[in-house]
Amino acid sequence: MLLAFSKTLLLGLVAALICVWLKSPLPWMIGPLLATALCRMSGADLRSPPAARAAGQWVIGTALGLYFTPAVAHIVNSFAAYILLAVLVSILIGIVCGWLLHRLSGIDTCTSFFAMAMGGASEMANQGERHGAQVDKVAAAHSLRIMLVVLVIPFGFRLWEVHGQDPYVQGAATVMLGGLLLLIAATLCGALLMQRFDLPNAWVMGPLLVATGLSYAEINLSALPQSVINAGQILIGISLGTRFQPSFLKAAPRYLASVALCSTVALLLAALSGMTLAAWSGIHAATAILATAPGGIAEMSLTAKTLQLGVPIVTAFHVTRMVVLVLIIGPLFVFVQRWTKRSAIK
């Protein structure tokens, strides 16, 4: 395992450096993601243990929390109504795309519903399992969707020439060794505490909440070194890439093709809702598209940070969506299933 992980890390680093040289968007995440996914599907023995993804999530969660100064928190709070509206729209998009996936692939309605719900892969797989979904297909759908979103949006923004259009500044601007050690200890405690109570996305949410609390209280211990942030992106990238097993493309090709099409539809519908949100709220269009995109907290917030596109706003939208979905997705599935059956009878 250690040898395979070392090879994966080395491959991810080389791929990231190549992408930096090529000046591609999000090079420290996209490079490792593509390289490990391609090599893994070709049969290479590449591994990324859960602890590696957790470490990457800790980096991203901590880095994001440093943006939530009192002034920024006030701005984010002013968008609360828009955040809730966007969450509702994303739930509807998930339901529509779940129905579309069922019709295109022939997969059962339970699996298609949880496969297209815009939540975290592990949370949706766990929730789906309780209701009888095929867990492997739910997980595969989320992996493919996240990969598509991570690739399409940054390159789309590069063509759009969007960068630094909605910048926010961290409370802690410099790296201070003593403060950095305290920040690491505090955010690790937050992650471990959330993990102890089996809360979702513990290694993002725990550090994010602790760092946000410190920033809001104007306790600016330290910024994170850029090298640490880059390392976190590599870990996120390889953890996504190694999900693609050698048999991935051979297993249920019709289903995977349907997932790709439905994910594209979800991306387009989410982009349309983001543009509408921008017109109503005054949020920059690129920030609104990232905020409503069908991606994960870490990936979309990291994209916002790299491109300087409203990091706190994007983070607030995705955190709220994740929390709401985890709380209601099970009852929502039961409601939709019963409503569908009643409509069919009528």
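Refer to the preceding data block for the structure.
Keep in mind the model is a prediction, meaning the values are calculated, not measured. (Residues numbered from 1 in each chain as written. Predicted model: local features only at pLDDT ≥ 70, side-chain atom pairs only at ≥ 80, totals over all residues. Heavy atoms only, no water.)

Caption draft 1: Broad picture of the side chain of R40. In this structure, R40 sits in helix α2 (residues 27-41). An unpaired buried charge is present at R40: no salt bridge exists, and D45, the closest side chain of opposite charge, is 5.4 Å distant. Here the side chain of R40 touches A44 through a polar contact of 3.0 Å, landing on its backbone oxygen. Contact partners of R40, with chain neighbours within four places excluded, come to L46, G241, T242, F244, Q245 and P246. (Helix = DSSP H or I, 4+ residues; strand = E, 2+ residues; numbered from the N terminus. Buried < 20%, exposed > 50% of the residue type's maximum accessible area, 1.4 Å probe, protein only. Lys, Arg positive; Asp, Glu negative; His and termini not counted. Salt bridge = Lys/Arg side-chain N within 4 Å of Asp/Glu carboxyl O. Polar contact = N/O pair within 3.5 Å; in protein donor to acceptor, adjacent residues only side chain to side chain. Contact = heavy atoms within 4.5 Å.)

Caption draft 2: Helix α14 (residues 297-307), seen in detail. Of all 11 residues that make up α14, 10 are buried, and the element is covered over most of its length. All of the buried residues along α14 are I297, A298, E299, M300, S301, L302, T303, A304, K305 and L307. Positive phi shows up at Q308, right after α14, with a value of about 55°.

Caption draft 3: Spotlight on unusual backbone geometry. Located in the positive-phi region is D198, a residue other than glycine, with phi close to 55°. Mapped onto the secondary structure, D198 falls in the loop between α9 (177-196) and α10 (202-216). The class for D198 is exposed, based on a relative accessible area of 70%. Despite not being glycine, N201 shows a phi value in the positive range, around 50°. When you line up the elements, N201 lands in the loop between α9 and α10. Among the residues examined, N201 registers a relative accessible area of 18% and is labelled buried.

Caption draft 4: Quick peek at the packing of α9 against α10. Between α9 and α10, the least distance of the axes is 7 Å, while the angle of their chain directions is 135°. The orientation of α9 relative to α10 falls into the category oblique. Helix-helix and strand crossings are classified by hand; for α9 and α10 the assignment is right-handed. Contacts between α9 and α10 pair L183, A186, T187, L188, G190, A191, L192, M194 and Q195 from the former with A202, W203, M205, G206, P207, L209, V210, A211 and L214 from the latter. (Axes fitted to C-alpha atoms, helices over the stretch in contact; angles between N-to-C directions. Parallel < 35°, antiparallel > 145°, perpendicular 65-115°, else oblique. Left-handed = near helix turned anticlockwise from the far one by under 90°.)

Caption draft 5: Spotlight on the packing of aromatic side chains. Considering all chains together, one arrives at four aromatic pairs under this definition. Considering the side-chain rings of F113 and F114, the 5.2 Å spacing of their centres and the 80° angle between planes classify their relative orientation as edge-to-face. Of the two residues examined, F113 and F114, each falls in the buried class. Their ring planes at 50° and their centres at 5.3 Å tell us that F114 and F333 sit as a pair that is tilted. One end of the pair, F114, is in helix α6 (residues 109-116); the other, F333, is in helix α15 (residues 311-345), with 219 residues separating them in the sequence. Each member of the pair, F114 as well as F333, is classed as buried. (Phe/Tyr/Trp six-rings, centres within 6.5 Å; stacked < 30°, edge-to-face > 60°.)

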